[in-house]
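A closer look at the structure
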Amino acid sequence: MDLSHLNHQQRQAVTSTKGPILVLAGAGSGKTRVIIQRISWLIQVEQVLPAEILAVTFTNKAAREMQERLKDELRGRQKGVQLSTFHSLGVQLLREHIDQLGYRSNFVIYDTQDQQSVIKGIMEDHDLEDSGLIDAKGVHYEIGQAKNRGLGPDHFLQQRDSTRKTQVGQVFTEYQRVLKGCNAIDFDDILLLTLKLFEEYSEAMDPLRERYHYLMVDEYQDTNRVQYQLMCHLCQRHHNLCVVGDDDQSIYGWRGADIRNILDFERDFPEAKIIRLEQNYRSTPTILKAANQVISQNPQRMPKELWSQKPTGVPLEWIEGKDEAEELELVARQIKIQVLRHGRSHSDYAILFRSNFQSRLIEETLRDSGIPYQIIGSTSFYERKEVKDALAYLRVIHNHSDEVSLHRIINYPRRGIGKTSLIQANYYCQLLRKPLFEICKQARQHSRIPTEAAMSMESFAQMILRYQQRFQQETLGEVLRDLLADVGLIYDLETQKIDPKTKEKRVGFVMELMRGLDRFVEQNPEKHLRDYLERVMLFTQNDREEELVSNQVTLMTLHSAKGLEFPFVFLVGMAEGVFPNQRSLDESGEEEERRLCYVGMTRAREELTMSMARRRKRYREEVSQTMSRFLSDIDSSLFKVAPGAKMDMGQKALQKKQSRADFFQQLRRLQ
């Protein structure tokens with residue numbers, strides 16, 4: 001097998017296959033190529049059976065891209081390799097074994113809105129809404145954080161000196177009971193329950209430990225404690241573990257990622273081999289030198305320094321405006337000038353910012369400047385109300401116990417089942433200890449439910465049962481079209497009294513859902529409704545759905561930018577309190593903010609521009625700003641004009657002269 005296209009360290013990472021190995025892969029160092037070549041080496045050179053290899057990554061998109069690259073590399077010999085996310089692997093195991101934990105195999109996975117809806121209902125039932133101590137979103141966040149650390153309700157209930165924590169524990173306990181009653185789990189439960197199977201039903205999991213001789217984990221710096229424990233179980237038998245990651249790019253601590261997993265790897269696996277990938281194939285040496293200077297200030301990191309064989313590149317640019325409006329106008333002007341001067345595409349540019357609130361003014365400025373743009377990270381397709389409504393029908397058809405989805409659709413579009421009727425139906429649920437769907441099936445037998453509403457409930461239940469049969473026997477896409485026509489969902493959207501453009505968009509989203517289901521069936525003819533719903537759920541939790549559209553400037557938060565690269569990058573809002581973000585500094589210190597800056601800087605291939613405003617509006621008053629502390633770590637000689645320095649009159653005149661020359665040059669091109 002020819003490895004001559006790899007550098008020395010990459011070859012080492014590919015051919016070192018026995019025992020625990022940590023590949024410290026710096027930004028742009030070709031880690032995906034190494035993972036693909038390593039799998040290929042195992043199969044072609046070491047004659048490992050594909051079914052004995054498990055590679056785990058963090059998003060379905062990354063898993064799909066790896067599968068495609070592996071297919072191109074091995075041309076069929078890759079069949080049997082399991083390449084998936086932690087959560088996809090967890091769902092697969094739970095479908096086979098979750099009955100041992102008291103669930104049925106047709107469990108549903110609740111998304112964030114569903115989870116918060118359950119929590120809100122619990123708080124209302126227990127009169128906790130008015131306590132002033134907790135709110136649904138806050139409780140949801142704390143439950144998620146606890147689950148990422150492998151903790152349950154007792155973690156909160158034991159803190160008796162805190163009424164707030166005790167209330168969170170009470171809601172947490174009831175939340176788990178309600179979910180189990182609905183045969184539902186949340187996204188964090190996927191891994192927690194999988195871990196529970198390994199810990200409490202160890203013998204049943206032994207075949208899985210035996211199956212995978214080689215385990216690879218990508219983006220290891222993003223793993224939480226539960227994922228770490230799962231990984232240890234999976235490699236317990238054969239010990240051939242390879243983790244690939246970069247502690248300098250660990251930026252998801254706020255959602256449970258534990259940087260100790262990568263920093264303590266040598267302590268946890270004393271016989272581990274460490275391989276550093278430091279040659280960068282993306283950015284210029286100037287950009288890398290600046291990024292290295294910023295990240296080297298972090299005390300807790302594994303030493304490494306990125307370098308490149310590329311030409312030195314142009315100096316970093318610095319923009320400073322008197323206020324936010326001027327800062328962004330200068331950014332927009334620079335993009336326009338550069339597109340004009342060099343004939344570049346708008347899609348070569350990205351504007352990265354620390355917090356979502358910054359996007360509004362950036363959007364307005366680009367719109368006023370006539371610069372086309374797309375913003376990544378806006379409302380997810382699957383989070384749109386009309387799409388969630390359509391999916392709720394499918395979820396109830398698949399699992400009648402899914403009461404969150406059932407409550408969402410039982411009277412949408414309107415069918416005469418009002419709140420009073422539902423209260424009565426829920427009364428019978430508690431009295432007879434039956435799920436709501438079972439009460440609906442025989443609603444007229446329950447005297448408290450008004451007759452007309454009871455007839456509607458029975459008619460609704462019969463329709464759900466009828467479509468359940470059809471989904472088992474007919475083409476999924478065709479049945480969905482009939483279902484949405486039957487319940488009148490499209491008609492309801494078309495007749496809403498809203499502006500035509502919004503109406504058209506909403507109908508368009510539902511049509512796109514249908515097309516998506518058609519594509520799913522084409523690509524997976526043997527799969528069923530359950531598989532489609534599972535795919536949608538895992539996709540919405542893990543993936544950035546937006547594809548980068550041609551010839552538009554990309555706007556995104558620094559967190560969303562991880563894994564991407566652009567020729568020309570603008571990092572805006574480089575001021576203390578904005579970036580680093582003040583709340584993050586208060587809550588978790590400077591280190592993760594510094595890593596976030598490093599990630600942003602290393603997105604740039606050719607040119608990096610940073611900017612700030614000397615003053616910004618805060619709560620209706622203007623406040624002065626100082627430069628971000630990260631800028632003081634960068635050698636001023638790496639900048640064309642150093643941050644804080646004034647441009648002299650000669651430089652300004654030269655810039656004006658160049659701008660005029662560019663304008664006339666572009667005119668000549670167009671003639």
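Everything quoted here is computed from the prediction, not taken from an experiment.

All right, on to the overall build of the chain then. Within the chain, the regular secondary structure consists of 29 helices and 15 strands. The C-alpha atoms of the chain give 28 Å as radius of gyration, which agrees with the globular expectation for 671 residues (26 Å, within 12%). Dimensions of the chain, computed from C-alpha atoms along their principal axes, come out at roughly 90 × 65 × 60 Å. Buried positions account for 54% of the 671 residues belonging to the chain. A sequence separation of at least 24 residues applies to 76% of the contacts in the chain between residues at least 6 apart. Taken as a whole, the chain presents about 31,500 Å² of accessible surface, with 47% of it coming from carbon and sulfur. Mean positive and mean negative side-chain charge positions of the chain (94 and 95 charges, respectively) differ by 3 Å.

Taking strand neighbours across the sheet as the criterion, the six strands line up as E3-E2-E6-E7-E1-E8 in an open arrangement whose pairing is parallel. Strand pairing shows two members of the sheet lacking a second neighbour, strand E3 (82-85) and strand E8 (273-277), which therefore form its edges. Neighbour to neighbour, the strand axes of the sheet diverge by 15° on average, direction disregarded. Packed on one face of the sheet, helix H1 (residues 8-15) meets strand E1 (21-25) and E8 and runs near 140° to E8. Taken strand by strand, helix H2 (residues 31-44) contacts E1, strand E2 (53-57), strand E6 (214-217), strand E7 (241-245) and E8, and its axis lies near 175° from that of E6.

Attention now moves to the environment of Ile464. Along the polypeptide, Ile464 turns up in helix H21 (residues 451-473). Overall, Ile464 belongs to the buried group, its relative accessible area being 0%. Contacts of Ile464, omitting those with residues within four sequence positions, involve Tyr393, Val396, Ile397, His400 and Phe437.

What follows concerns helix H24 (residues 500-523). A turn of α-helix holds 3.6 residues, and therefore any two residues three or four places apart point the same way. With 24 residues, H24 should cover 34 Å at 1.5 Å per step; its first-to-last C-alpha distance of 34 Å lies within 8% of that length. Among the residues making up H24, those that are buried are Val507, Phe509, Val510, Leu513, Met514, Gly516, Leu517 and Phe520.

According to the domain assignment, the chain consists of domain 1 (8-93 + 191-277), domain 2 (109-182), domain 3 (307-372 + 551-640) and domain 4 (382-545). Here the C-alpha centroids of domain 2 and domain 3 sit 38 Å apart.

Counting buried residues in E2 gives five out of five residues, a clear majority hidden from the surface. Of the two faces of E2, the one lined by Ile53, Ala55 and Thr57 and the one lined by Leu54 and Val56 are each fully buried. Pairing of E2 with E6 involves four bridges; the strand directions are parallel. Of the residues in E6, the one forming a bridge with Ile53 is Tyr214. As paired strands, E2 and E3 are joined by four bridges and run parallel to one another. Residue Thr57 lies in a different strand from E3, and its bridge partner there is Thr85. With helix H3 (residues 60-74) bridging E2 and its parallel neighbour E3, the resulting β-α-β unit is right-handed.

Two numbers describe how helix H4 (residues 86-97) lies on helix H9 (residues 187-200): the axes approach to 9 Å, and their chain directions differ by 55°. By the angle between their axes, H4 is oblique relative to H9. Relative to H9, the crossing made by H4 is left-handed. Between H4 and H9, the residues in contact are Phe86, His87, Gly90, Val91, Leu93, Leu94 and His97 and Phe187, Ile190, Leu191, Leu193, Thr194, Leu197 and Phe198, respectively. Each residue belonging to the contact of H4 with H9 can be placed in one class, and the counts come to 10 nonpolar, four polar and no charged.

Moving on, we get to the packing of aromatic side chains. The final tally for this structure, using the stated rule, is 10 aromatic pairs. Summarising the aromatic geometry, the rings of Phe58 and Phe86 are spaced 6.0 Å apart at their centres and angled 70° between planes, so their arrangement reads as edge-to-face. Pair noted here: Phe58 is in the loop between E2 and H3 and Phe86 is in helix H4, with a separation of 28 residues, a long-range link. Phe58 sits in the buried class, given a relative accessible area of 17%. Joined through ring pairs, the aromatic side chains of Tyr220, Phe265 and Phe269 make up one cluster. Over the aromatic face of Tyr228 sits the side chain of Arg225, whose NZ or CZ is 4.5 Å from the ring centroid. Across the ring face of Tyr252, the terminal group of Arg255 is positioned such that the distance to the ring centre comes to 3.9 Å.

Further remarks concern the UniProt feature "binding site: ATP" (unreviewed entry) in the chain. When the UniProt feature table is mapped onto this chain numbering, "binding site: ATP" (unreviewed entry) sits at Ala25, Gly26, Ala27, Gly28, Ser29, Gly30, Lys31 and Thr32. With respect to the helices and strands, Gly26 occurs in the loop between E1 and H2. The exposure class of Gly26 is buried, given its relative accessible area of 4%. Residues in contact with Gly26, not counting those within four places in the same chain, are Asp246, Gln249, Leu277 and Leu306.

With that settled, the discussion passes to helix H19 (residues 419-432). Between its first and last C-alpha atoms H19 spans 20 Å; for 14 residues at 1.5 Å apiece the expected length is 20 Å, and the two agree. Within H19, the full set of buried residues consists of Ser421, Leu422, Gln424, Ala425, Tyr428 and Cys429. Projected down its long axis, H19 carries its buried residues within an arc of 160°, all on one side. The outward face of H19, more than 90 degrees from its buried face, is lined by the exposed residues Lys419, Thr420, Ile423, Gln430 and Leu431. Considering only its buried residues, H19 is in contact with helix H18 (403-409), helix H20 (436-441) and H21.

So, about a negative patch on the surface. A grouping of Glu124, Asp125, Asp127 and Glu129 is seen on the molecular surface, where their side chains present a negatively charged patch. When you line up the elements, Asp125 lands in helix H5 (residues 112-125). We classify Asp125 as exposed; its relative accessible area is 64%.

What counts and how
- Residues numbered from 1 in each chain as written.
- Predicted model: local features only at pLDDT ≥ 70, side-chain atom pairs only at ≥ 80, totals over all residues.
- Heavy atoms only, no water.
- Helix = DSSP H or I, 4+ residues; strand = E, 2+ residues; numbered from the N terminus.
- Rg over C-alpha atoms; globule rule 2.2 N^0.38 Å.
- Buried < 20%, exposed > 50% of the residue type's maximum accessible area, 1.4 Å probe, protein only.
- Contact = heavy atoms within 4.5 Å.
- Areas by Shrake-Rupley, 256 points an atom, 1.4 Å probe, with all protein chains shown as cover.
- Lys, Arg positive; Asp, Glu negative; His and termini not counted.
- Charge placed at Lys NZ, Arg CZ, Asp CG, Glu CD.
- Pairing = 2+ DSSP bridges.
- Axes fitted to C-alpha atoms, helices over the stretch in contact; angles between N-to-C directions.
- Expected span 1.5 Å × (residues − 1).
- Domains from an automatic or database assignment.
- Right-handed = clockwise from strand over helix to strand, strands pointing away.
- Parallel < 35°, antiparallel > 145°, perpendicular 65-115°, else oblique.
- Left-handed = near helix turned anticlockwise from the far one by under 90°.
- Nonpolar A, V, L, I, M, F, W, Y, C, P; charged D, E, K, R; others polar.
- Phe/Tyr/Trp six-rings, centres within 6.5 Å; stacked < 30°, edge-to-face > 60°.
- Lys NZ or Arg CZ within 6 Å of the ring centre and 35° of its normal.
- UniProt positions renumbered as here; feature names shortened; annotations may be inferred.
- Arc of directions from axis to C-beta.
- Patch = residues over 30% accessible without salt bridge, like charges linked within 9 Å, V, L, I, M, F, W, Y side chains within 5 Å.
- Salt bridge = Lys/Arg side-chain N within 4 Å of Asp/Glu carboxyl O.

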